There are 2 protein chains.
Amino acid sequence: MSRRYELRFSGAGGQGLITAGIILAEAAAIIENQYAVQSQSYGPEARGGASKSEVIVSDGPIDYPKATLVDACLALTQEAADKYSDTIKSGGLLLVDEDFVKAPPQGDFKVVRLPIINTAKNDLGRAIVANVVALGAMVALTGVVRRESGEEAVLRKVPAAFAELNKKAYNAGYDRVKALLG
Amino acid sequence: MSRRYELRFSGAGGQGLITAGIILAEAAAIIENQYAVQSQSYGPEARGGASKSEVIVSDGPIDYPKATLVDACLALTQEAADKYSDTIKSGGLLLVDEDFVKAPPQGDFKVVRLPIINTAKNDLGRAIVANVVALGAMVALTGVVRRESGEEAVLRKVPAAFAELNKKAYNAGYDRVKALLG
């Protein structure tokens, strides 16, 4: 039976969550030769302010590509954290932005708090790379791809003029997790 | 039983096929209140030169989100046309770029030929909007969303500086299909 790992990136529209999902899927599949499916589902629940994208990574073909219970969930907003935390697997992981998710939901999962958006804004000078900071953090937390695979996938995706900024953003997220968890 | 319509956008990496899929899904779900799932699957077969993205649109919840046989398929390259034409439903539709798919595959589906990339390049001056020309053409061919919903979704997605270019690209694709099919 193949190993299968499911992740969700959630927050608000415009935060680049689909892009983060695509980059992770490409890191897993194109760079590491794993299998991956990246998707967004839109229904009545998606028409509020919350936005999400999902990635499934597996070492074998993915027959049922719908993420149901995820191993790891990112939430950049309180609304997204409240909406999606009940679909985290028992023993799973919830990464929240500590400034924007003031009351992380409780459950049978580990909560990790990081100042994701403020790292992008204050350390990197561009709030728009918060999604890449979050991606680096999720890679460090889950190990679903290697550090360098995620970085390479980031650099393949962004325009050359923004390569350095995004590389720094990715590594800032990665390093903050490593510093936090030791 | 709900109506379900599946589309594939295929071609080469860098042609904006994922973006076209996302825009269509958002037109269906966010603007028209349909249900939609947009996805890309990456496996060994995706590591060649071909790239694809898929959209499922339904009037009800989508339980099984994997596109299997599609109702309509876009192919911007010969390789993509050859690779994906055998997953078009009987009686379905294959839209090909007439300059880059010189030998459209034959099967139990209708083939429509349009100069998609050259319309973007010559009429609009920017090959990069070929994906939006293709989107307009697919909307005109399938009717899966209304013309104005697709246009609105395009305009929501692109930066303001490129709004007019993309609006023209979308409508060029739409109008070319209408002129061809009468």
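As a reminder, the structure under discussion sits directly above these lines.
Definitions and limits used
Residues numbered from 1 in each chain as written. Chains lettered and ligands numbered in written order. Predicted model: local features only at pLDDT ≥ 70, side-chain atom pairs only at ≥ 80, totals over all residues. Helix = DSSP H or I, 4+ residues; strand = E, 2+ residues; numbered from the N terminus. Contact = placed C-beta atoms within 7 Å. Nonpolar A, V, L, I, M, F, W, Y, C, P; charged D, E, K, R; others polar. Least-squares fit on C-alpha atoms with pLDDT ≥ 70 in both. Pairing = 2+ DSSP bridges. Right-handed = clockwise from strand over helix to strand, strands pointing away.

Draft legend 1. A look at the environment of Lys178 of chain B. Relative to the elements of secondary structure, Lys178 of chain B occurs in helix H6 (residues 163-181). Placed 110 residues apart in sequence, Lys178 of chain B and Thr68 of chain B show a C-alpha to C-alpha distance of 28 Å.

Draft legend 2. Representation of the interface of chain A and chain B within the structure. Residue-level contacts link 21 residues of chain A with 21 residues of chain B. Looking at the side of chain A that touches chain B, the elements with two or more residues in it are helix H1 (17-31) and strand S2 (35-42) of chain A. Of the residues contributing to the side of chain A that touches chain B, the split by class is 13 nonpolar, five polar and three charged.

Draft legend 3. Structural detail: the relation of the copies chain A and chain B. In the superposition of chain A on chain B (RMSD 0.0 Å, axial shift 0.0 Å), the rotation amounts to 180 degrees. The symmetry that links the two subunits is that of a two-fold axis. Of the C-alpha atoms belonging to chain A, the one lying closest to the rotation axis is found on Ser39 of chain A, 2.0 Å away. Mapped onto chain B, 100% of the interface residues of chain A again fall at the interface, so both copies present the same surface.

Draft legend 4. Focus on the pairing of strand S5 (residues 88-97) of chain A. Residue and element names in this part refer to chain A. Here strand S4 (residues 70-75) pairs with S5 via five bridges, running parallel. Bridge assignment links Ala72 to a residue of S5, and that residue is Leu93. In this fold, the crossover linking S4 to S5 by way of helix H2 (residues 78-84) has right-handed handedness. As judged from the six bridges shared by S5 and strand S6 (residues 109-114), these two strands associate in the parallel manner. Bridge pairing in S6 places Leu94 opposite Val111.

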